[in-house]
Structure formats: structure tokens, C-alpha cells
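Each chain, written out:
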Amino acid sequence: MKMFVLAAAGLAAIATSASADLVAYWNFNASTPNTTSGQLGTLDSTAPSLGSGTLSIGGGSPTITYNTNNAGTANGVVGTFAGTTLNALNADPVGGALSLQGAVGGGSGSPVTSNGGYFQFNISMAGLKDLIVSFATRGTGTGFRNGQLSYSTDGVTFTNYGASWDGGGSSTFFLVTRDLSTETSLNNASNVAIRLTLTGATGGAGNNRIDNIQFNATVIPAPASIALVGLAGLVAGRRRR
């Protein structure tokens, strides 16, 4: 009887560890709105709101830069506009959303310089498997009409995953989810890079917003826990006999 209780307890522990865990989460609420309507606000921090990870930007022509001024003089194409509560955690308020704009200043007649720009999130999947990425997004009519998620474990070679989304096709936030559990190379990888690349903008005032991005994964059971599964099966078999 004692062995059966221990085995049952082991199974319960495994069931608990198999639930999805939050690896990292960004809500982009550490931001300052611009005092000039239509211009990007300042992203005050790139650190995750929960969990561990890093955020960087790249691509575009010329090199994509952050907007660092919220007093009416735009000087970059990455910053913040108003966000959403869609996909937010812990009753987070609307706050800001990570935003990429077609051109510095957001002038409708300005040539687009930001096509091919990307947001890159680096996280650790050590001890974890079955990565799921989800976020809220929206855009404008002349914004980036194609968004593509890609992944890498070496930071050099990126592989596209899943269908692209039309980030400029809706002025209302909608949810994008990509289940990467079939990509076993990500399981237990110490450094996983996830890129969200945006293309297809047709106007300098066009923009896309990314908000409340979550990275969730499942804890890989320890070998000792797996052994308990076999023990539980053996005990159950003996009880039936």
C-alpha cells in the first residue's frame, strides 16, 4: 500500500510539472506617449515584464533605430503606440505596444525605410520543451501587410515557421499564436531566438503594433520522475492481479 501511495504521489508531481510554464512575457507598458499626435512614443525599457529574455531589433534600410524623444521630435521608427489587454496577464492595463513605423516622423509622403525590420526575442529553453508563442497585433492600411515568425538556435540561421499574418489588415488588435512543439530542436536549447519580421508597408505613416507577447513551454520531467511512472504501472499491475 505504501508503495502505491508513493507511486501515486510521483504521478501527481509529474502531472504538475507537465503544465505549461511562462518563460517570458513583454507587455511594453514601460513607455511614454509622444506629445505630438501620430508620432511614436518612447519605449522606455526592452526588459521582459515577467520571466527572462532579451529583445533586440534589426533589419530595414537604413538601420532601424528606436525613437528616443517623446517631446514632438521623432528620431526613430521603433517606439510605442497605444496597446491592448488582449493576451495580457495579471489584469495588465492597456498601456503601450511595441510599434514599427514606415518612416521616421510618420509622414504619409515619406518613403518607407522599415520593410524587413524585425523584433528578435532571445529566451532559454533549458529544461523545457514544446514552445508556444502568442501575441496581440494590429496595424494600419499602409502598414506592414506581412508578418513572419522565424526561429534559430544559433542566432545565424533562421527558419520560417507557420503562416504569415496581415498586420496591416486590421485596425483592431487580433491574436496570433504559433505552436512550435513540433520543432524538437528548440527543446532544451539554451538560447532560442524568435524573430517577428515585418514587410509590405506602403506608406511612411503605416505602422504595426505587437503587444503582450508570451512565451510558454513545458518542463521536461527529470529521469527520476519518469522512473516513477514505470513504478506506478508496475504497482497498478500487481494490484489488478
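Refer to the structure above for everything that follows.
A.B. asks: When you look at the pairing of strand β11 (residues 159–165) in this model, what are you seeing that I'm missing?
C.D. replies: Examined bridge by bridge, strand β10 (residues 146–152) and β11 share 4 bridges and lie antiparallel to one another. Of the residues in β11, the one forming a bridge with S150 is N160. Linking two consecutive strands that pair antiparallel, namely β10 and β11, is a turn of 6 residues; a positive phi of about 75° is found at G155 within it.

A.B. asks: Explain the sheet that holds β11 to me, please; I cannot follow it from the model alone.
C.D. replies: Note: strands within a sheet are paired through backbone hydrogen bonds, in either parallel or antiparallel orientation. Taken in spatial order, the 5 strands make up an open sheet running β5-β8-β13-β10-β11, and their pairing is antiparallel. The sheet terminates laterally at β5 (54–58) and β11, the two strands that pair on one side only. The mean inter-strand angle of the sheet, taken between neighbouring strand axes irrespective of direction, is 20°.

A.B. asks: What is the right way to look at the packing of aromatic side chains in this model?
C.D. replies: Taken as a whole, this structure holds 5 aromatic pairs when the rule is applied. For the ring pair W26 and F121, a centre distance of 5.0 Å and an interplane angle of 65° mean the geometry is edge-to-face. In this pair, W26 is assigned in strand β1 (residues 20–26) and F121 in strand β8 (residues 117–123), connecting sequence segments 95 residues apart. For W26, a relative accessible area of 1% puts it in the buried group. Ring pairs connect the aromatic residues W26, F121 and F215, which therefore count as one cluster.

A.B. asks: Looking at this structure, how should I read the environment of L175?
C.D. replies: Relative to the elements of secondary structure, L175 occurs in strand β12 (residues 174–179). Separated by 41 residues in sequence, L175 and S134 have C-alpha atoms that sit 7.1 Å apart. In contact with L175, other than residues within four places in its own chain, are L86, N87, S134, F135 and A136.

A.B. asks: Sorry, what's going on with the side chain of R209 here?
C.D. replies: Counting through the fold element by element, R209 comes out in strand β14 (residues 207–219). No salt bridge is formed by the buried R209; the nearest opposite charge belongs to D211, separated by 8.4 Å. Within the structure, R209 has its side chain in polar contact with the side chain of N207 (distance 3.5 Å).

A.B. asks: What exactly am I supposed to notice about the pairing of strand β7 (residues 96–101) here?
C.D. replies: A regular strand carries its side chains on alternate faces of the sheet. For β7, a buried count of 6 out of 6 residues is recorded, marking the element as mostly surrounded by other parts of the structure. Residues G96, L98 and L100 line one face of β7 and the alternating positions A97, S99 and Q101 line the opposite face, and both faces are buried. Two strands pair when backbone bridges link them, and strand β6 (residues 78–82) and β7 are joined in this way by 5 bridges, in the antiparallel orientation. Along β7, the bridge assignment pairs G79 with S99. As defined by bridge partners, β7 adjoins β14 across 4 bridges and the pair is classed as antiparallel. Looking at β14, one finds that L98 is bridged to I210.

Rules and cut-offs
- Residues numbered from 1 in each chain as written.
- Predicted model: local features only at pLDDT ≥ 70, side-chain atom pairs only at ≥ 80, totals over all residues.
- Heavy atoms only, no water.
- Pairing = 2+ DSSP bridges.
- Helix = DSSP H or I, 4+ residues; strand = E, 2+ residues; numbered from the N terminus.
- Axes fitted to C-alpha atoms, helices over the stretch in contact; angles between N-to-C directions.
- Phe/Tyr/Trp six-rings, centres within 6.5 Å; stacked < 30°, edge-to-face > 60°.
- Buried < 20%, exposed > 50% of the residue type's maximum accessible area, 1.4 Å probe, protein only.
- Contact = heavy atoms within 4.5 Å.
- Lys, Arg positive; Asp, Glu negative; His and termini not counted.
- Salt bridge = Lys/Arg side-chain N within 4 Å of Asp/Glu carboxyl O.
- Polar contact = N/O pair within 3.5 Å; in protein donor to acceptor, adjacent residues only side chain to side chain.

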